[in-house]
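Fold and geometry: a report
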Amino acid sequence: MERYWNQEIECMSREDMKKLQDERLVAQVKHVYDNVKYYRDLMDEKGVKPEDIKGIDDLCKLPFLSKADLREAYPYGLLAKPLSECVRIHSTSGTTGKRVVAFYTQNDVDMWEDCVARAITAAGGTNEDVCQVAYGYGLFTGGAGLHGGSHKVGCLTLPMSSGNTERQIGFMQDLGATILCCTPSYAAYIGETVQEMGLTPDDLKLKAGIFGAEPWTEEMRRSIEKSLGIKAYDIYGLTESSGPGVAFECCEQSGMHINEDNFYPEIINPDTGEVLPEGEVGELVFTSLTKEAFPLLRYRTRDLCVLSRKKCSCGRTLIKMAKPMGRSDDMMIIRGVNVFPSQIETVLIEQGYSPNYLIEVDRKNNTDTLDISVEMNPDQFSDKVKDMQEQEKSLAIAMKTMLGINPKVHLVSPKSIARSEGKAVRVIDRRKLIDNPAKK
Ligand code: DLL
């Protein structure tokens, strides 16, 4: 029987949810307008007053907020509560520019942990479970988010953080961990290490994994499920919106339910800002409905995905988002063709290769080049050059079919590509990025 953390909200009728969202939006907009000068200026510029927002149907009147705004307002410019009421910060890694710092009041932390508790419950977690948190702890929201949710559910929480993989597996065995939380790339690495240590999934008590923070394919899901003997659930979130738990997967494993009582989603055309109807692919935009310290109105995530209100067999009525296909700024434009790393991963796993690969993009003589280094499994390795060339050729053909362009494929020896304990870095783009405005 399906269990819920907050059945009233998770299974609420569409009508009641809309009413709740309407009320909460009105209050959130007023809170923001009254307390954040940056927003007040943006709204005044657009000629919108809080009184103009009577509910969700008026959302489109509000201006968008982007990462550039967050950077401009860094660090305190979007804070909506006095520092005396703030109890925590978290921050993005800042790999694509200045860090973004998000603030939390105690109520914000409680709301966040409640969202994560829904995710853990949907993955089958109860107070009988032992939950190993192998996301990084610290400024990153992964460790703190899953840790807080796990406490709330009452699981025995193992605050491992990421890294030290053999010790990680030792604890997993000794304490009988039943739920593993980490990035999917780290889960794949843990699965590989389990095998290298001469163990099988039967030597572990794991039953579920809660993996997110980076895009991962269905093929990767199946491969992790097999290597660890678990059911693998997706979880989504971003630092700006509080962290993991904005959306979570249920037993149906067909997209993630958005905690829409706290985060209202829209899908827009990233070029025009036009709101797209349900079912169309576009950029995901979130409006927080209940945040105190760091509310976000119409925040552009850059994540590309699709929303669906199709009935879910788990009984939840919360709207679902498909697995994000990547960020608009992850998309590589190579010789004019849009290429996502996830397409490359799908081909590799379908063809029986490991998810350990590196994509290198460059520009030589004014032409883009795409090189994909792929690690072989020991049984794929051959000392005959001709065999290896044949394998590379057949993989390159499969890639061409998926991507529409011809990459150079290099099969490399087992274990030669660095493993990831957090978010995997799978793309090195050496071109001067002039053709992807999202990256500027
Ligand atoms: O990655 C929060 C998180 C921690 C989510 C642990 C899930 C689990 P950021 O570091 O700010 O926050 O990165 C947010 O990561 O905009 C997406 O592009 C990507 N992302 C997060 N979850 C998923 C997912 C955390 N399940 C950015 N699938 C987001 C695909 C994801 N991409």
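Residues numbered from 1 in each chain as written. Predicted model: local features only at pLDDT ≥ 70, side-chain atom pairs only at ≥ 80, totals over all residues. Heavy atoms only, no water.

The next subject is helix 11 (residues 385-403). Since the α-helix packs 3.6 residues into each turn, any two residues three or four apart lie on the same face. Taking 1.5 Å as the rise per residue, helix 11 with 19 residues should run 27 Å; its terminal C-alpha atoms sit 26 Å apart, in good agreement. Taken residue by residue, helix 11 has M388, L395, A396, A398, M399 and L403 as its buried positions. In an axial view of helix 11, the angular spread of the buried residues amounts to 165°, which keeps them on one side of the axis. Exposed and facing more than 90 degrees away from the buried side of helix 11 are K386, K393, I397 and T401. Packed against the buried residues of helix 11 are strand 16 (337-339), helix 10 (341-350), strand 18 (367-375) and strand 19 (408-412). Where helix 11 terminates, the next one or two residues include G404, which has phi positive at roughly 85°. (Helix = DSSP H or I, 4+ residues; strand = E, 2+ residues; numbered from the N terminus. Expected span 1.5 Å × (residues − 1). Buried < 20%, exposed > 50% of the residue type's maximum accessible area, 1.4 Å probe, protein only. Arc of directions from axis to C-beta. Contact = heavy atoms within 4.5 Å.)

The next subject is the packing of aromatic side chains. With the rule as written, the count across this model stands at 8 aromatic pairs. Taking 6.3 Å as the distance between ring centres and 40° as the angle between the ring planes, the aromatic pair formed by Y236 and F286 counts as tilted. You can see Y236 sitting in strand 7 (residues 231-238) and its partner F286 sitting in strand 11 (residues 282-288), a full 50 residues away along the chain. An identical accessibility class is assigned to Y236 and F286; each is buried. Note on F263 and F286: the rings are 6.5 Å apart at their centroids and 80° apart in plane angle, and the pair reads as edge-to-face. Taken together, the positions of F263 in strand 10 (residues 263-268) and F286 in strand 11 put the pair 23 residues apart, joining distant regions of the chain. By relative accessible area, which is 1% here, F263 ends up buried. Using a relative accessible area of 3% as the deciding quantity, one classes F286 as buried. Pairwise contacts between aromatic rings join Y76, F103 and F294 into one cluster. A cation over an aromatic ring shows up here: R221 above the ring of W216, its NZ or CZ 5.7 Å from the ring centre. (Phe/Tyr/Trp six-rings, centres within 6.5 Å; stacked < 30°, edge-to-face > 60°. Lys NZ or Arg CZ within 6 Å of the ring centre and 35° of its normal.)

Side chains of L156, F171 and L175 sit close together on the surface and give an oily, nonpolar patch of about 260 Å² of accessible area. Considering the arrangement of structural elements, one finds F171 in helix 7 (residues 165-175). (Patch = residues over 30% accessible without salt bridge, like charges linked within 9 Å, V, L, I, M, F, W, Y side chains within 5 Å. Areas by Shrake-Rupley, 256 points an atom, 1.4 Å probe, with all protein chains shown as cover. Salt bridge = Lys/Arg side-chain N within 4 Å of Asp/Glu carboxyl O.)

Looking now at the packing of helix 5 (residues 106-122) against helix 6 (residues 141-153). In the contact formed by helix 5 and helix 6, the axes pass within 7 Å of each other and the chain directions differ by 75°. Considering their axes alone, helix 5 and helix 6 lie roughly perpendicular with respect to each other. Facing helix 5, whose interface residues are D110, W112, E113, D114, V116, A117, I120 and T121, helix 6 presents T141, A144, G145, L146, G148, G149, S150, K152 and V153. Taken together, the residues of the contact of helix 5 with helix 6 break down into 7 nonpolar, 6 polar and 4 charged. (Axes fitted to C-alpha atoms, helices over the stretch in contact; angles between N-to-C directions. Parallel < 35°, antiparallel > 145°, perpendicular 65-115°, else oblique. Nonpolar A, V, L, I, M, F, W, Y, C, P; charged D, E, K, R; others polar.)

Another point: the packing of helix 7 against helix 8 (residues 184-196). For any two helices packed against each other, one specifies the crossing angle of their axes together with the interaxial distance. In the contact formed by helix 7 and helix 8, the axes pass within 10 Å of each other and the chain directions differ by 75°. The angle between helix 7 and helix 8 places the two elements in the roughly perpendicular class. For the pair helix 7 and helix 8, contact is made by T165, E166, Q168, I169 and M172 and by Y186, Y189, I190, T193 and V194, respectively. A class-by-class count of the residues in the contact of helix 7 with helix 8 yields 6 nonpolar, 3 polar and 1 charged.

All right, on to the confidence of the model for the chain then. Should pLDDT be low for a region, the predicted coordinates there are not to be read in detail. In this model, the chain carries an average pLDDT of 94, and 97% of its residues clear a pLDDT of 70 or more. Low pLDDT, under 50, characterises residues 434-440; the stretch is placed with 12 contacts to residues that sit more than four places away or in other chains. (pLDDT = per-residue confidence, 0-100.)

Here the focus is the domain arrangement of the chain. When the domains of the chain are assigned, the result is domain 1 (1-328) and domain 2 (332-439). Taking only C-alpha atoms into account, the centre of domain 1 sits 29 Å from that of domain 2. Taken together, the contact between domain 1 and domain 2 spans 26 residues of the former and 18 residues of the latter. With both chains or domains summed, domain 1 and domain 2 bury close to 1700 Å², and 54% of this area falls on carbon and sulfur atoms. (Domains from an automatic or database assignment. Buried area = accessible area lost by both parts, 1.4 Å probe.)

Below, the discussion takes up the sheet that holds strand 5 (residues 179-182). Within a beta sheet, neighbouring strands are joined by backbone hydrogen bonds and run either parallel or antiparallel to one another. Read from one edge of the open sheet, 9 strands run 4-3-5-6-7-8-9-14-13, paired in mixed fashion. With one partner strand each, in any of the chains shown, strand 4 (156-159) and strand 13 (307-308) form the two edges of the open sheet. Contacts from helix 6 reach strand 3 (130-133), strand 4, strand 5, strand 6 (208-212), strand 7 and strand 8 (243-249) within the one sheet, and its direction differs from that of strand 8 by about 60°. Where helix 8 meets the sheet, it contacts strand 5 and strand 6, and its direction lies at approximately 125° from that of strand 5. (Pairing = 2+ DSSP bridges.)

Let us now look at the sheet that holds strand 10. If you trace the 3 strands from one edge of the open sheet to the other, you get 10-11-12, paired in antiparallel fashion. Two strands lie at the open edges of the sheet, namely strand 10 and strand 12 (299-305), each paired on one side alone. The mean angle between the axes of side-by-side strands here comes to 35°, regardless of whether they run parallel or antiparallel. Both strand 11 and strand 12 contribute to a ladder of 4 bridges, which runs antiparallel. Considered in strand 12, the bridge of G282 is made with C305.

Close to the ligand lie 21 residues; D234, I235, T239, D303 and K423 are nearest. The contact in question runs from a nitrogen atom of the ligand to an N or O atom on the backbone of E214, over 3.3 Å. Between an oxygen atom of the ligand and a side-chain N or O atom of K423, the distance comes to 2.8 Å. Starting from 610 Å² of accessible surface for the ligand in isolation, the protein chains cover 94%. Taken together, the elements giving at least two residues each to the shell around the ligand come down to helix 6 and strand 7. Of the residues forming the shell around the ligand, the biggest block, 5 residues, is contributed by strand 7. Along the lines of polarity and charge, the residues of the shell around the ligand split into 9 nonpolar, 6 polar and 6 charged. (Near = heavy atom within 4 Å. Polar contact = N/O pair within 3.5 Å; in protein donor to acceptor, adjacent residues only side chain to side chain.)

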